[in-house]
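Descriptive analysis of the structure
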Amino acid sequence: MNTASTMLTPSIDLTISPRLAKNVRRNIKERIIEFILMLAALSAVATTLSIVGVLLYESLSFFKTVSVVDFFTDTQWTPLFEDAHYGIMPLVSGTLTTSAVALALAIPVGTIAAIYLSEFASHKTREIVKPILELLVGVPTIVFGYFALLFLTPILQKMFPDLPGFNMLSAGIVMGIMIVPYIASVAEDAMRAVPMSMREGSYAMGATRFQTAVRVVTPAAISGIVAAYILGISRAVGETMVVAVAAGQQPIISFNPMESAATITAFIVQVAMGDLPHGSIGYQSIFAAGLVLLVMTLCFNILGHMIRKKYREHY
Amino acid sequence: MINPTTPIKAESRDLNFFYNGGNHALKSVNMPLYENKITALIGPSGCGKSTFLRCFNRMHDLYPGNKYQGQIVMHPDNTNILEHGVDPIEVRMRISMVFQKPNPFPKSIYENVAYGLRVRGESNKRQLDDKVEEALKGAALWNEVKDRLQDLAFNLSGGQQQRLCIARALATDPEIMLFDEPTSALDPIATANIEELMSELKQKLTILVVTHNMQQAARVSDYTAYMYLGELMEYDDTNTIFTRPSRKETEDYITGKFG
Amino acid sequence: MMSTNMTTKKPTSSTPASVLKNLGEVRAMIKRHKLNDYLFSLIGLLALSLALLTLMTLFMDLVIDGYQRFNLDFFSNFPSRRAGSAGLLSAWVGSALVMLVTFIVAVPMGVAAGLYLEEYAPKNWFSDLIEINVTNLAGVPSIVYGLLALGLFVYILGLGQSILTAGLTLGLLILPIVIVSTRESIRAIPTAIREAAYAVGATKWQVVYDHVLKYSYGGILTGVIIGMARALGETAPIITIGALTFIAFLPPSPVSDVAPFINFEWLSSGFTVLPIQMFNWLSRPDHAFHINAAATGAIIILLTLLMNGTAIYLRYKIRKNIKW
């Protein structure tokens, strides 16, 4: 054979069987599909990065104008005024006060409801109530805002004549009612997970239902219950519409629920509704406030995660 | 042979039991529990021995739909503990139970043992201390834990946890103690410890023990009852059951031909 | 049938009198404790009813306050300066369009992500990272999503204060819901079914598509409905985008009678949604507008309750019907 014909007619048979060729194509198709799915999953990471990115980006611009020290120590928050002050504490105090009122209601009521549902209620009752709790969780918060402003506040004003039309008490109470189903649901799940053998041990000692529920089941489920509380706290701190509608727009440092005050979330809403030139200090201030909010809720979420890991009972 | 003058602490009379859904789990069981003696219940899986045991402290009341028929009478007061008017809590304060798998509470060793007392309203520290010590000694656990009573009960080994559960059950001075396969989850040494414990405990109270381990029944008990499919097949003192059983069914089970 | 000698009973060592006395004390104490039991059940029932009663009161209050607006005009009018003739037309059309975009954003991406995490992802730091992010995102306040949208979508990407932006934002917001419910539905499928499919030579994607997805789509649907109900009621992120609150026009129609028959102009249009319209009316001091707000609120609650109720019912039926 001379070289020319070797090159024109290869002596090695390079064709692969049709079946094998199909396999290679299928393989490539599989890999592509997997890649696409992975990209979809990465969207979660991308979202987090975007959120942190945007908040940091605008906040960094903000902190070029406002010193971090002022931000945390100034007692006034008036970014839109002539004499602008940029102390975040008034907003934080508003958030904390409304949340405290909400949790003062939601934690006891939610826990008691959970204990009742888990240890006292009949199977039938539970089957009916649990879905209802889920339905409650789905009620939009703007509706609760209406309730706070136009139903509860007038009632409270009859009890406390000095109560302003916008106040943290009404918003806090309604927020609390809103959070009860969350806490009740999660805490109840935690209690149901306690094995029956532990309850039998308690009943066998002659304990009543109440004694068993409080002395044995609740301590056994404590990590899940605390996780429920943390979930509630996170929810309260991040809540927007109820406080925007009913708590007020004045950023003041106050821990008195009978006053009208703005929370971090209400402030952001207020500013966003107005006309704000993109890039102005007022525009950037909402991102700084949002960053504080995000850090607060993240801290609570991490705390909840750690508590659950540390105290999780392995049955 | 059974000594005709041995006092009876409790006895079941024509006891029938139906699980929720209709399963007729116990059929006309008549059986005495002699005072200060250990009575063992043996039989293949599903024969009703645990069901029978749990009738004594009304455990079945915890689950809706179960039905008792017949009587379990306690002496000397002649109370039928299965009667509607009798509160199961009252029954459980007189009859305590040790379970198959140790189930200590998520509390300290001290608080576990003190639980029954606290539930009865006892809060005097000195009283509690004394009773806890007494119970732990009675369960042969005192020396191992006396320096760490505040430790979590979960940190104990399996055998220790079971002895803790026994101490817990002891602390309230029950008249009868029920043991539901107490050593099936334990290693041989822990098992031997608990069997020895039971022999000591019977001096103070009456014991009914369910076991799927025949050798254990032979080692530990004074009287043995062989049950099958919800019926009491044979009942006699342990020696007789294991050497000269009256019924073929019993003999088949004992010798391993069956079950 | 039994070989036992029933002996005559003899009293036990403690005399009957002392045993009975103890019994008396014990019975009294049990009575006290059971009273606590009873009292607690009452309190527990009360606590449970609090949430339930509030919802009922809320709904009734809205209906009572707003019933005068329940007529066809309310649904076909634009908002107006006069409360009596203001209507929800722009709001509910806006809501429908925004929800459409939300669905398109959240569902394919969410289901795909859930599939990846359950079927493909190896157990390593990478998938852990993704999982942590999903859990975290579920706990981020909705207004932060609004800030993300404002900074990124509206300005940096230049998408403007439009339906597209709103749909993207809400889509990201409910993404964790869709992912989690997809994962849970997939987990409920036993490995035996997958193994059977592999055993006849199916590729991974064929197994996933023909079997896993097919059996889990009910559960996924449940999650999607819950997510959409959430999107319907969300106000904060949309306000932050800068949804104009007095919209007296409709976005351009997606279909037209000139080629190419379908256009996407509506995506970049201004808009309003039901909860924003309610918020807007609620914020006015004029009581007449509060009536409108009440009526809107009643409608919103009705819609979300219907959707969530359907989802719960669907899940219940699925659980009952599964016969592996």
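Residues numbered from 1 in each chain as written. Chains lettered and ligands numbered in written order. Predicted model: local features only at pLDDT ≥ 70, side-chain atom pairs only at ≥ 80, totals over all residues. Heavy atoms only, no water.

The next thing to look at is the pattern of salt bridges. Taken as a whole and judged by the stated rule, the model has 29 salt bridges over all chains. A salt bridge links E90 of chain B to R27 of chain C; the shortest N-O distance between them is 2.6 Å. Here R27 of chain C lies in helix α1 (residues 16–66) and E90 of chain B lies in helix α2 (residues 88–94), a pairing that spans two chains. (Salt bridge = Lys/Arg side-chain N within 4 Å of Asp/Glu carboxyl O. Helix = DSSP H or I, 4+ residues; strand = E, 2+ residues; numbered from the N terminus.)

This next bit is on the sheet that holds strand β2 (residues 24–34) of chain B. Residues and elements named next belong to chain B. Pairing within the open sheet is antiparallel, and its four strands lie in the order β2-β1-β4-β5. A single partner strand is all that each edge strand has here, and the edge strands are β2 and β5 (79–80). Contacts from helix α1 (residues 49–56) reach β1 (8–18), β2 and β4 (67–74), with the element oriented near 60° to β2. (Pairing = 2+ DSSP bridges. Contact = heavy atoms within 4.5 Å. Axes fitted to C-alpha atoms, helices over the stretch in contact; angles between N-to-C directions.)

The next thing to look at is the pairing of β1 of chain B. Residues and elements named next belong to chain B. With nine of 11 residues buried, β1 is to be regarded as a mostly interior element. Pairing of β1 with β2, which is carried by seven bridges, proceeds in the antiparallel orientation. When the bridges of β2 are listed, A10 appears paired with L33. Count of turn residues in the β1/β2 antiparallel hairpin: five residues, of which G21 carries a positive phi of about 105°. The pairing of β1 with β4 spans seven bridges and is antiparallel. Paired with N16 across the two strands is Q69, which belongs to β4. (Buried < 20%, exposed > 50% of the residue type's maximum accessible area, 1.4 Å probe, protein only.)

Another aspect to go through is a nonpolar patch on the surface. Residue and element names in this part refer to chain A. Where nonpolar side chains cluster on the molecular surface, the patch consists of V68, F72, M89, L96, I253 and F255 and spans about 540 Å² of accessible area. Counting only elements with at least two residues in the nonpolar patch, the list comes to α3 (68–73) and α4 (89–120). With respect to the helices and strands, the residue F72 is situated in helix α3. Overall, the relative accessible area of 43% leaves F72 in the partly exposed class. (Patch = residues over 30% accessible without salt bridge, like charges linked within 9 Å, V, L, I, M, F, W, Y side chains within 5 Å. Areas by Shrake-Rupley, 256 points an atom, 1.4 Å probe, with all protein chains shown as cover.)

As a further point, take the packing of helix α6 (residues 141–159) of chain A against helix α11 (residues 287–321) of chain C. At a minimum axis distance of 10 Å, the contact between α6 of chain A and α11 of chain C shows a crossing angle of 140°. Comparing the axis directions of α6 of chain A and α11 of chain C gives the class oblique. The hand of the α6 of chain A/α11 of chain C crossing is left-handed. Seen from α6 of chain A, the contacting residues are V143, Y146 and L150 of chain A; seen from α11 of chain C, they are H290, A293, A294, G297 and I301 of chain C. (Parallel < 35°, antiparallel > 145°, perpendicular 65-115°, else oblique. Left-handed = near helix turned anticlockwise from the far one by under 90°.)

Residue and element names in this part refer to chain C. The geometry of helix α6 (residues 163–187) relative to helix α8 (residues 204–233) is characterised by a closest axis approach of 8 Å and an angle of 150° between their N-to-C directions. When the axis of α6 is compared with that of α8, the two are roughly antiparallel. Where α6 crosses over α8, the handedness of that crossing is right-handed. The residues of α8 that touch α6, namely those facing L170, L173, I174, I177, V178, S181, T182, S185 and I186, are V212, S216, G219, I220, G223, V224, G227, M228, R230 and A231. In the contact of α6 with α8, the residues fall into 11 nonpolar, seven polar and one charged. (Nonpolar A, V, L, I, M, F, W, Y, C, P; charged D, E, K, R; others polar.)

In this section: the environment of T212 of chain A. Checked against the element boundaries, T212 of chain A lands in helix α9 (residues 209–220). Given the relative accessible area of 0%, T212 of chain A is considered buried. Once residues lying within four places of it in the same chain are set aside, the contact partners of T212 of chain A are R199, S202, Y203, A207 and V217 of chain A together with Y115 of chain B.

Time to look at the nonpolar core. Ranked by size, the top nonpolar core spans 194 residues in total, and within it I264 of chain A together with L115 of chain C carry the most contacts. Ranked by residue count, the leading element in this core is helix α3 (residues 89–120) of chain C, at 17 residues. Setting aside chain neighbours within four positions, we find I264 of chain A in contact with L91, V92, T95, A289, V292, L293 and M296 of chain A. Within the second largest apolar cluster, 45 residues are counted, among which are V132, A139, A171 and M233 of chain B. (Core = buried A, V, L, I, M, F, W, Y, C linked by side-chain atoms within 4.5 Å.)

All names here are of chain A. With 25 residues, helix α7 (residues 168–192) extends 35 Å between its outermost C-alpha atoms, agreeing within 8% with the 36 Å of an ideal straight helix rising 1.5 Å per residue. Remark: the principal bend of α7, roughly 35°, maps to I179, with a proline, P181, within the next four residues. Within α7, 21 of the 25 residues are buried, which leaves the element mostly enclosed by the surrounding structure. Sitting at the head of α7, N167 places a side-chain oxygen 3.1 Å from the backbone nitrogen of L169. (Expected span 1.5 Å × (residues − 1). Bend = angle between axes of the 7 residues up to and from the residue. Polar contact = N/O pair within 3.5 Å; in protein donor to acceptor, adjacent residues only side chain to side chain.)

Bringing the pairing of β4 of chain B into the picture now. Regular strands place side chains that alternate from one sheet face to the opposite one. Residue and element names in this part refer to chain B. Of the pairings in the sheet, the one linking β4 to β5 comprises two bridges and is antiparallel in character. Within β5, the position partnered with V73 by the bridge is N80. Once β4 ends, the chain turns through four residues before running back antiparallel as β5, passing N78 with a positive phi of about 60°.

Opposite the 74 residues of chain C that make contact, chain A presents 71 residues. Of the roughly 6600 Å² buried at the junction of chain C and chain A (both faces included), carbon and sulfur atoms supply 80%. Together, F40, L48 and L147 of chain C form the three largest contributors to the area buried by chain C at its contact with chain A, with a combined 10%. Counting across the interface, chain C meets chain A through one salt bridge. Among the ionic pairs, R315 of chain C bridges to E134 of chain A, the shortest N-O distance being 2.4 Å. In this assembly, chain C and chain A are joined by nine residue pairs in polar contact (both at pLDDT 80 or more). The element contributing the most residues to the side of chain C that touches chain A is α1 of chain C, with 21 residues. Tallied by class, residues from the side of chain C that touches chain A come to 46 nonpolar, 22 polar and six charged. (Buried area = accessible area lost by both parts, 1.4 Å probe.)

Let us look at the confidence of the model for chain C. All names here are of chain C. Mean pLDDT for chain C: 83, with 88% of residues reaching 70 or above. The secondary structure element of chain C with the lowest average pLDDT is helix α2 (residues 72–76), at 79, and the one with the highest is α6, at 92. Here residues 1–16 scores under 50 on pLDDT; set against residues more than four positions off or in separate chains, the count is 36 contacts. Confidence estimates for the predicted assembly give a pTM of 0.86 and an ipTM of 0.91. (pLDDT = per-residue confidence, 0-100.)

A word on the side chain of T141 of chain A. All names here are of chain A. With respect to the helices and strands, T141 occurs in helix α6. Judged by relative accessible area, T141 falls into the buried class, the value being 14%. The residues touching T141, leaving out its near neighbours within four places in the chain, are M178, R235, E239, M241 and V242.

Turning to the environment of E118 of chain C, a few remarks are in order. Residue and element names in this part refer to chain C. Relative to the assigned elements, E118 resides in helix α3. Discounting residues that sit within four places of it in the chain, E118 has contacts with R183, I186 and R187. At a separation of 3.2 Å, a polar atom in the side chain of E118 contacts the side chain of R187.

What follows is about the packing of aromatic side chains. Scanning all chains against the criterion turns up 26 aromatic pairs over all chains. The rings of F62, F63, F71, F72, W77, Y86 and F267 of chain A are connected pair by pair, giving a single aromatic cluster. Positioned above the aromatic ring of F105 of chain B, the side-chain terminus of R168 of chain B is 4.2 Å from the ring centre. Cation over ring: R284 of chain C sits above F289 of chain C, and NZ or CZ is 4.3 Å from the ring centre. (Phe/Tyr/Trp six-rings, centres within 6.5 Å; stacked < 30°, edge-to-face > 60°. Lys NZ or Arg CZ within 6 Å of the ring centre and 35° of its normal.)

Residues and elements named next belong to chain B. Strands sit in the order β6-β7-β8-β3-β9-β10 across an open sheet of six strands; the sheet is mixed. Every other strand in the sheet has two partners, leaving β6 (95–98) and β10 (231–237) as the edge strands with one partner each. Taking each pair of neighbouring strands and ignoring which way they run, the sheet shows an average axis angle of 20°.

This brings us to unusual backbone geometry. Residues and elements named next belong to chain B. A cis geometry characterises the amide bond from H75 onward to P76, with omega recorded as 10°. Among the structural elements, P76 can be located in the loop between β4 and β5. You will see that D14, though not glycine, has its phi angle at about 50°, which is positive. Structurally, D14 can be placed in strand β1. Phi is positive for E181, close to 45°, though the residue is something other than glycine.

The next subject is the environment of P140 of chain A. Tracing the sequence through the fold places P140 of chain A in the loop between α5 (123–137) and α6. Taking the C-alpha atoms as reference, P140 of chain A lies 47 Å from M205 of chain A; in sequence the two are 65 residues apart. Residues in contact with P140 of chain A, not counting those within four places in the same chain, are G233, I300 and T304 of chain C.

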